[in-house]
Amino acid sequence: MATLLSEAEVLDLLREHGALQQGHFLLSSGMHSSHYIQCALLLQYPDLTARVCAALAEPFRSEEVQAVVGPAIGAVVLAYETARQLRARALWAERSEGRMTLRRSFTLSPGERVLVVEDVVTTGGSAKEVAALAERAGAAVVGVAAIVDRSAGGHGLRWRFEPLVRLDVEAYLPPLCPLCREGVPVVKPGSR
């Protein structure tokens with residue numbers, strides 16, 4: 001097995017594959033930012049995805065994870081590969097009528113040990129929704145793993161949180177966005 005990735009190595013991979021982008025972006029959280037992290041540009045390479053997911057799985061290897069769940073669409077690949085690494089099931093949650101739900105006949109059992117995975121955490125909203133969904137099914141959430149934490153500590157996650165990279169990148173409520181005030185056109189690259 002290859003050695004685990006350091007934070008600097010993950011950042012280098014994100015940069016090398018064009019995943020760290022600059023401009024004026026509308027994030028899935030509804031916030032605006034001058035930076036966007038498009039992890040899909042890295043995750044299109046299965047060998048790199050396997051390395052990233054090995055690093056996501058590592059802090060949770062002793063937790064006897066039985067299922068890995070990620071919010072669609074950004075974390076579907078992460079859920080699959082991290083589950084493979086942990087010899088667990090892979091599921092994803094999808095938004096239906098504004099709420100995260102398990103569809104496609106996916107279910108979680110009471111007491112099942114679940115790891116939630118996410119590509120980028122800004123407000124923690126999607127990860128919280130998926131973890132709460134798992135808990136409503138009676139599952140035990142052992143933690144949340146993410147490639148990038150850009151929340152500056154504002155994620156509000158009450159579960160163990162293990163990001164590979166922490167980036168100090170500002171996000172703004174739209175009325176407070178300096179890029180909007182400058183008239184820079186906003187781009188919506190996210191999944192919502």
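Residues numbered from 1 in each chain as written. Predicted model: local features only at pLDDT ≥ 70, side-chain atom pairs only at ≥ 80, totals over all residues. Heavy atoms only, no water.

## Some thoughts on the overall build of the protein chain
Counting its regular elements, the protein chain contains 6 helices and 9 strands. Computed over its C-alpha atoms, the radius of gyration of the protein chain comes to 16 Å, within 12% of the 16 Å expected for a compact globule of 192 residues. By its C-alpha atoms, the protein chain is 50 × 40 × 30 Å across when sized along the principal axes. The contacts in the protein chain between residues at least 6 apart in sequence include a share of 63% that link residues at least 24 apart. For the protein chain, the exposed area adds up to about 9400 Å²; of that, 51% sits on carbon and sulfur atoms. (Helix = DSSP H or I, 4+ residues; strand = E, 2+ residues; numbered from the N terminus. Rg over C-alpha atoms; globule rule 2.2 N^0.38 Å. Contact = heavy atoms within 4.5 Å. Areas by Shrake-Rupley, 256 points an atom, 1.4 Å probe, with all protein chains shown as cover.)

## Observations concerning helix H4 (residues 76–86)
Considered for burial, the residues of H4 that qualify are Leu 78, Ala 79, Glu 81, Thr 82, Ala 83, Gln 85 and Leu 86. Looking at the buried residues of H4, the elements they touch are helix H2 (40–43), helix H3 (46–57), strand S3 (67–71), strand S4 (89–96), strand S6 (113–121) and strand S7 (140–149). Residue Arg 87 follows H4 closely and has a positive phi angle near 55 degrees. (Buried < 20%, exposed > 50% of the residue type's maximum accessible area, 1.4 Å probe, protein only.)

## Some details on the sheet that holds S7
Pairing within the open sheet is mixed, and its 6 strands lie in the order S5-S4-S3-S6-S7-S8. The sheet is open, and its two edges are formed by strand S5 (99–102) and strand S8 (161–166), each paired on a single side. For this sheet the average axis-to-axis angle between neighbouring strands, irrespective of direction, equals 25 degrees. In the sheet, S4 pairs with S5 via 4 bridges, with the strands oriented antiparallel. Its bridge partner lying in S5, Glu 94 is registered against Thr 101. This element, helix H1 (residues 7–16), spans S7 and S8 of the sheet and lies at about 60 degrees to S8. Strands in contact with helix H5 (residues 125–136) are S3, S4, S5, S6 and S7; relative to S5, the strand with the most contacts, it is inclined by about 45 degrees. (Pairing = 2+ DSSP bridges. Axes fitted to C-alpha atoms, helices over the stretch in contact; angles between N-to-C directions.)

## A short note on H5
For H5, built from 12 residues, the straight-helix expectation of 16 Å at 1.5 Å per residue is met to within 8% by its first-to-last C-alpha distance of 16 Å. Regarding H5, the residues found buried are Ser 126, Ala 127, Val 130, Ala 131, Leu 133 and Ala 134. End-on, the buried residues of H5 take up no more than an arc of 155 degrees, which puts them together on one face. The secondary structure elements touched by the buried residues of H5 are S3, S4, S5, S6 and S7. Remark: Gly 138 follows H5 within two positions and exhibits a positive phi of approximately 95 degrees. (Expected span 1.5 Å × (residues − 1). Arc of directions from axis to C-beta.)

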